[in-house]
Amino acid sequence: MLDRASLTVDPVLLGAGEMLVDLGALAANYRAIAALQPNARIAGVVKADAYGLGARPVSATLYNAGCRNFFVAHLVEAMDLRPTLPADARVFVLNGLAPGAESAAAQAGVIPVLNSLDQAHRWADESRRCGMRLASALQVDSGMTRLGLSEPEVDALAGDPALRSHLDVILLMSHLACADESEHSANLQQFACFETLAARLPEAPRALANSGGAFLAGFGLDMVRPGLALYGVHPVEGQSGPLRPVLALSAPIVQTRDVPAGTGVGYGLAHTTERACRLATVAIGYADGWPRSLSGRGSVFCGGVRAPIVGRVSMDSIVIDVTDVPAEAVRPGAMVELIGPHQSLADVARDAGTIPYEILTGLGQRFARRTLPA
Ligand SMILES: *Cc1c(COP(=O)(O)O)cnc(C)c1O
């Protein structure tokens with residue numbers, strides 16, 4: 001990749017839009033979640049490059065805010081992040097380890113989440129090879145049916161002192177399937193199931209809650225594991241406080257044109273203008289993660305004025321109707337707001353028929369990235 005920092009040209013002039021990550025808002029969100037759960041440690045879930053926002057700056061900011069426990073999905077992410085953080089940070093691998101990856105993980109000093117009896121045996125074997133009990137988290141399946149030991153596996157582990165003696169379990173965890181629906185009966189069922197299974201295992205700190213669970217009273221236990229809420233999106237659709245948005249996204253206008261009624265626009269000529277109007281082409285497309293499902297749906301904002309997306313989303317551009325926007329806000333090079341004060345990430349996800357997680361983790365690599373310091 002081109003080293004943009006070494007260039008004398010404004011990165012935004014290089015073509016693609018700008019992704020602004022507000023690390024101050026991230027730190028404030030960390031503190032807001034800590035205030036909701038005063039008895040729990042607040043971990044940071046930074047998988048998928050911190051949901052596309054940059055695992056390194058995000059993790060460093062969280063560390064400075066007091067975070068010491070970090071979760072990624074894959075070993076490759078943990079090995080990338082571990083050396084960038086101080087020694088007292090712990091980096092957990094949620095998906096656990098593929099057979100054969102144990103010694104690489106042990107050497108890297110990362111902590112696997114053991115999700116099956118087989119993973120537990122393989123990590124115990126690695127401990128024997130190393131001559132020391134290696135730290136791990138143990139996940140039990142409390143009802144989501146995705147990752148974690150089943151009840152018979154919990155009993156098998158509990159009844160195997162030799163296996164247990166080679167495991168240093170520093171966290172017992174499970175994961176909620178319906179935490180974004182506070183009234184869902186599965187939440188209390190999973191809580192009870194987790195308690196029952198945890199009681200059969202050696203004592204260790206317990207963690208059940210993701211962002212949704214962090215907003216449920218009584219689900220904090222010893223540690224909560226928020227991702228999305230740290231990045232400023234409330235887990236319950238339609239709610240926002242006390243979280244601050246972390247991401248702003250904008251892209252430049254490339255070209256404008258005035259066209260008569262009846263003009264076809266974009267691929268498939270899927271849109272036909274109903275009136276004489278002014279159109280602008282904006283440098284963002286599905287290759288940047290601006291979803292193609294926004295074809296003919298949703299809007300952007302020019303100088304604070306709504307401009308609807310017309311026609312299909314292309315790979316590298318969209319066309320917007322700027323007839324109602326003052327001319328100075330639509331000159332070539334002017335930036336349009338895709339995500340910002342007038343339009344939240346949750347708004348875009350709703351218009352696109354998806355969830356904020358998918359928008360965030362799908363954002364492309366071409367944006368000029370700028371951070372506001374914490
Ligand atoms: C991704 C993930 C989280 C974080 O989820 P959010 O909804 O983003 O807070 C927490 N725990 C586990 C096990 C996860 O996979």
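Small disclaimer: the values here were computed from a predicted structure and weren't measured.

Quick notes on helix H9 (residues 185–199)
It helps to recall that an α-helix has 3.6 residues per turn; residues three or four apart then point in one direction. If you check H9, its first and last C-alpha atoms are 22 Å apart, about what 15 residues at 1.5 Å a residue would give, namely 21 Å. Residues Ala186, Asn187, Gln190, Phe191, Phe194, Leu197 and Ala198 constitute the buried set of H9. Down the axis of H9, the buried side of the element spans an arc of 140 degrees, and every buried residue falls inside it. Opposite the packed face of H9, turned more than 90 degrees from it, sit the exposed residues Leu188, Gln189 and Ala199.

Thoughts on the pattern of salt bridges
Tallying each qualifying case throughout the model produces 18 salt bridges. A salt bridge links Glu102 to Arg122; its shortest N-O distance comes to 2.4 Å. Of the two residues, Glu102 sits in helix H5 (residues 102–108) while Arg122 sits in helix H6 (residues 117–130), which places them 20 residues apart along the sequence. Classification of Glu102 as buried rests on a relative accessible area of 6%. Arg200 is paired through a salt bridge with Glu151; the nearest N and O atoms lie 2.9 Å apart. Within this pair, whereas Arg200 is found in the loop between H9 and strand S9 (206–209), its partner Glu151 is found in helix H7 (residues 151–158), the two being separated by 49 residues in sequence. Counted as one network, the salt bridges with shared partners bring together Glu102, Asp118 and Arg122.

What to know about the site of the ligand
In the region of the ligand, 14 residues are neighbours, and Lys47, Tyr51, Ser211, Leu228 and Tyr357 sit closest. The separation between an oxygen atom of the ligand and a polar side-chain atom of Ser211 is 2.5 Å. In this structure, Arg225 approaches the ligand through a side-chain N or O atom, which is 3.0 Å from a nitrogen atom. Bound to the protein, the ligand loses 93% of the 390 Å² it would expose on its own. Its residues assigned to classes, the shell around the ligand shows seven nonpolar, four polar and three charged.

Focus: the side chain of His234
Looking at the element boundaries, His234 is found in the loop between strand S10 (223–224) and strand S11 (247–259). A relative accessible area of 8% means that His234 is categorised as buried. Among the polar contacts made by the side chain of His234, one reaches the main-chain amide nitrogen of Val236 at a distance of 3.0 Å.

Looking at the sheet that holds strand S3 (residues 44–45)
Read across the sheet, nine strands follow the order S2-S10-S9-S8-S7-S6-S5-S4-S3 without closing on themselves; strand pairing throughout is parallel. Either end of the sheet is taken by a strand with one partner, and the two such strands are strand S2 (41–42) and S3.

Brief notes about the pairing of strand S4 (residues 69–72)
Here S4 shows a buried face lined by Asn69 and Phe71 and a second buried face lined by Phe70 and Val72. Direction of pairing for S3 relative to S4: parallel, over a ladder of two bridges. Directly across from Gly44, in S4, lies its bridge partner Phe70. What joins S4 to strand S5 (residues 90–93) is helix H4 (residues 75–81), and the crossover it makes is right-handed.

Things to note about empty space enclosed by the protein
Gaps left between atoms show up when a probe the size of a water molecule is rolled over them. For the coordinates displayed, the defined rule picks out one cavity of 30 Å³ or more. Its volume calculated, the largest cavity comes out at about 30 Å³. Lining the largest cavity are Leu97, Glu102, Pro112, Leu114, Gln119, Arg122 and Trp123. Listed by contribution, the elements that provide at least two residues to the lining of the largest cavity are strand S6 (111–114) and H6. At three residues, H6 tops the list of elements feeding residues into the lining of the largest cavity. Here the lining of the largest cavity is built from residues that sort into four nonpolar, one polar and two charged.

Quick notes on the packing of aromatic side chains
Tallying each qualifying case throughout the model produces four aromatic pairs. Between Tyr51 and Tyr231, the aromatic rings sit 4.9 Å apart at their centres with planes inclined by 55 degrees, giving tilted as the arrangement. Remark: Tyr231 occurs in the loop between S10 and S11 and Tyr51 occurs in helix H2 (residues 47–51); sequence separation between them is 180 residues. Its relative accessible area of 2% is what places Tyr231 among the buried residues. Between Phe71 and Phe92 the ring centres are 4.7 Å apart and the planes differ by 15 degrees, which places this aromatic pair in the stacked class. Within this pair, whereas Phe71 is found in strand S4, its partner Phe92 is found in strand S5, the two being separated by 21 residues in sequence. The pair Phe71 / Phe92 is uniform in exposure class, with both members buried. In this structure an aromatic cluster arises from ring pairing among Tyr51, Tyr231 and Tyr357. In this structure, Arg68 is placed above the aromatic ring of Tyr63, and the distance from its NZ or CZ to the ring centre is 3.6 Å.

Basis of the calculations
Residues numbered from 1 in each chain as written. Predicted model: local features only at pLDDT ≥ 70, side-chain atom pairs only at ≥ 80, totals over all residues. Heavy atoms only, no water. Helix = DSSP H or I, 4+ residues; strand = E, 2+ residues; numbered from the N terminus. Expected span 1.5 Å × (residues − 1). Buried < 20%, exposed > 50% of the residue type's maximum accessible area, 1.4 Å probe, protein only. Arc of directions from axis to C-beta. Salt bridge = Lys/Arg side-chain N within 4 Å of Asp/Glu carboxyl O. Near = heavy atom within 4 Å. Polar contact = N/O pair within 3.5 Å; in protein donor to acceptor, adjacent residues only side chain to side chain. Areas by Shrake-Rupley, 256 points an atom, 1.4 Å probe, with all protein chains shown as cover. Nonpolar A, V, L, I, M, F, W, Y, C, P; charged D, E, K, R; others polar. Pairing = 2+ DSSP bridges. Right-handed = clockwise from strand over helix to strand, strands pointing away. 1 Å grid on protein atoms, 1.4 Å probe; cavity = no way out; pocket = protein on both sides within 12 Å on 5 of 7 lines; lining within 4 Å. Points joined across faces, edges and corners; volume = space filled by probe spheres on them. Phe/Tyr/Trp six-rings, centres within 6.5 Å; stacked < 30°, edge-to-face > 60°. Lys NZ or Arg CZ within 6 Å of the ring centre and 35° of its normal.

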